[in-house]
Amino acid sequence: GPGVGTKDAGVLAGVGGKFIFANAGIEGDSICFDIHLQSEFGIYATVEAWIKAGFINGELGSVYEIEHLQTTLPWAGSPWYVPEGCNDSNPEDPTDVVAGEGVVVVDSNLSGLPNQWDKVEGFVPGENTWVLSTGDIKDVVGTPSYFASTNLGQPGNDELSDLSGHDTNDAVTYSTTIIPSGDTLHVRYVFASEEYPEFVGSSYNDVMAVFVSGENCATVPGTNTPVAINTINQLTNPQYYVDNQYGASGYGTSMDGLTVPLTCSVPVTPGVPVTVKISIADASDPIFDSAIALLDGGIWSD
């Protein structure tokens, strides 16, 4: 570029450019990594001055990027996330897996906090599930050595309080309106809790429900008794109970106890919309989390 001066003093100006074919980087945490690759182009101006006279001997130089002449071009497909999909800010549409054969989903919604609901793999052997929790959903995954207990400060549910016999807290509900093609509607689920086994028989009777057109069908098989801590456990109806204190084979949850997969079946009219409301809450206190796992395709009709 142009300049003026001597070997003792002067100023020089110029224009330059940069080209970086591949600039790679990795960001993230122990759960999700962002791997990105990009090319960079830019034009910049330089100014350099020097003076050497007597006791003064110095140089000064600066580079000025020209803002509108800088660009970055990501490589095709960049960024890549490991594991795939870990950057999703919202869980998948639950109707993609909760609704099985013989039903058409009209609408669905969640009543509770977003972190009380998500897709969980390995909760029960050989099944993918959607889980509702009275605490943070991430705490239900893992081994029984982990203590799942979060006070979310959320209200309870009057219907669940009636079923439990005690006031409830941190309630969460998944509701969906569907159109069945068959005359029988089925819902398949697992009830799990950290209240097991220590608080069996106490007022900490965490409870769940599956309301179909307002009637609860989540009952102990062959009875009208709602599924709860005090109705299925190591002492009462133990044939439906799984002790997970030390890690039952195939179960990937921190909950110390849970039911075997249970199915409730309700007569419906083919082609007539029906509302299914699946709810769970803590009873008597807002801690020691409980959860419902809905099995893949777990709402269907035939």
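Quick look at the structure, then. Fair warning: this is a prediction, and the values are worked out from it, not measured in the lab.

Rules of the game
- Residues numbered from 1 in each chain as written.
- Predicted model: local features only at pLDDT ≥ 70, side-chain atom pairs only at ≥ 80, totals over all residues.
- Heavy atoms only, no water.
- Disulfide = S-S within 2.5 Å.
- Helix = DSSP H or I, 4+ residues; strand = E, 2+ residues; numbered from the N terminus.
- Buried < 20%, exposed > 50% of the residue type's maximum accessible area, 1.4 Å probe, protein only.
- Salt bridge = Lys/Arg side-chain N within 4 Å of Asp/Glu carboxyl O.
- Pairing = 2+ DSSP bridges.
- Phe/Tyr/Trp six-rings, centres within 6.5 Å; stacked < 30°, edge-to-face > 60°.
- Lys NZ or Arg CZ within 6 Å of the ring centre and 35° of its normal.
- Polar contact = N/O pair within 3.5 Å; in protein donor to acceptor, adjacent residues only side chain to side chain.
- Contact = heavy atoms within 4.5 Å.
- Core = buried A, V, L, I, M, F, W, Y, C linked by side-chain atoms within 4.5 Å.

**Here's the deal with the state of the cysteines**
Here the structure, examined in full by the defined rule, presents one disulfide. A sulfur-sulfur distance of 2.1 Å marks the disulfide that ties C217 to C264. Of the two residues, C217 is situated in the loop between β12 (215–216) and β13 (241–243) and C264 in strand β15 (residues 262–267); the sequence distance between them amounts to 47 residues. For the pair C217 and C264, a shared accessibility class is recorded, and that class is buried.

**Side note on the pattern of salt bridges**
Using the criterion set out here, one finds two salt bridges in the structure. For K138, the salt bridge identified is with D139, shortest N-O distance 3.3 Å. Under the relative-accessibility criterion, K138 is labelled exposed at 57%. In this structure, the salt-bridge partner of E159 is K277, at a minimum N-O distance of 3.1 Å. Within this pair, whereas E159 is found in helix α2 (residues 158–164), its partner K277 is found in strand β16 (residues 274–283), the two being separated by 118 residues in sequence.

**Focus: the sheet that holds strand β11 (residues 207–212)**
Within a sheet, neighbouring strands are paired by backbone hydrogen bonds and run either parallel or antiparallel to one another. Strand order across the open sheet formed by five strands is β6-β9-β16-β11-β12, with antiparallel pairing between neighbours. Unpaired on one side and paired on the other, β6 (103–111) and β12 mark the two borders of the sheet. Judged from the six bridges that link them, β11 and β16 form a sheet pairing that is antiparallel. In the sheet register, V210 faces β16, and the bridge partner there is I278.

**Section: the pairing of β15**
Here β15 shows a clear split, with L262, C264 and V266 buried on one side and none of T263, S265 and P267 buried on the other. In this sheet, β15 lies alongside strand β10 (residues 184–193) in antiparallel orientation, the contact comprising six bridges. Bridging from a neighbouring strand, H186 pairs with S265 of β15.

**A short note on the pairing of β16**
Here β16 lies mainly inside the structure; eight of its ten residues are buried. As defined by bridge partners, strand β9 (residues 168–180) adjoins β16 across nine bridges and the pair is classed as antiparallel. Within the sheet, the bridge partner assigned to T168 lies in β16 and is A283.

**What to know about the packing of aromatic side chains**
One pass over the full model with this rule turns up seven aromatic pairs. Relative to F288, the ring of F147 has its centre 4.9 Å away and its plane inclined at 75°; by these criteria the two rings are edge-to-face. Of the two residues, F147 sits in the loop between β8 (127–133) and α2 while F288 sits in the loop between β16 and β17 (290–301), which places them 141 residues apart along the sequence. The interplanar angle of 80° and the centroid separation of 6.3 Å between the aromatic rings of F191 and Y196 together place this pair among those described as edge-to-face. Using a relative accessible area of 0% as the deciding quantity, one classes Y196 as buried. Above the face of the F211 ring, K277 is positioned so that its terminal group lies 5.4 Å from the ring centre.

**Examining the side chain of S290**
Within the secondary structure layout, S290 lies in strand β17. Engagement of the side chain of S290 in a polar contact is seen with the side chain of D206, the distance being 2.7 Å. In contact with S290, other than residues within four places in its own chain, are L132, S133, T134, F191, A192, S193, E195, D206, M255, I280 and D282.

**Some thoughts on the nonpolar core**
Ranked by size, the top nonpolar core spans 36 residues in total, and within it L185, Y189, M208, V210, V276 and I278 carry the most contacts. Breaking this core down by element, the ones donating at least two residues are β8, β9, β10, β11, β15, β16 and β17. Apart from residues lying up to four places away in sequence, L185 is in contact with V103, I178, V212, C264, S265, V266, V268, V274, V276, I299, W300 and S301. Of all hydrophobic cores here, the second largest spans 17 residues; its members include F123, A148, A291 and L295.

**Focus: unusual backbone geometry**
A cis geometry characterises the amide bond from Y196 onward to P197, with omega recorded as -20°. Structurally, P197 is set in the loop between β10 and β11. For S284, which is not a glycine, the phi torsion comes out positive at approximately 75°. For S284, a relative accessible area of 35% gives the class partly exposed.

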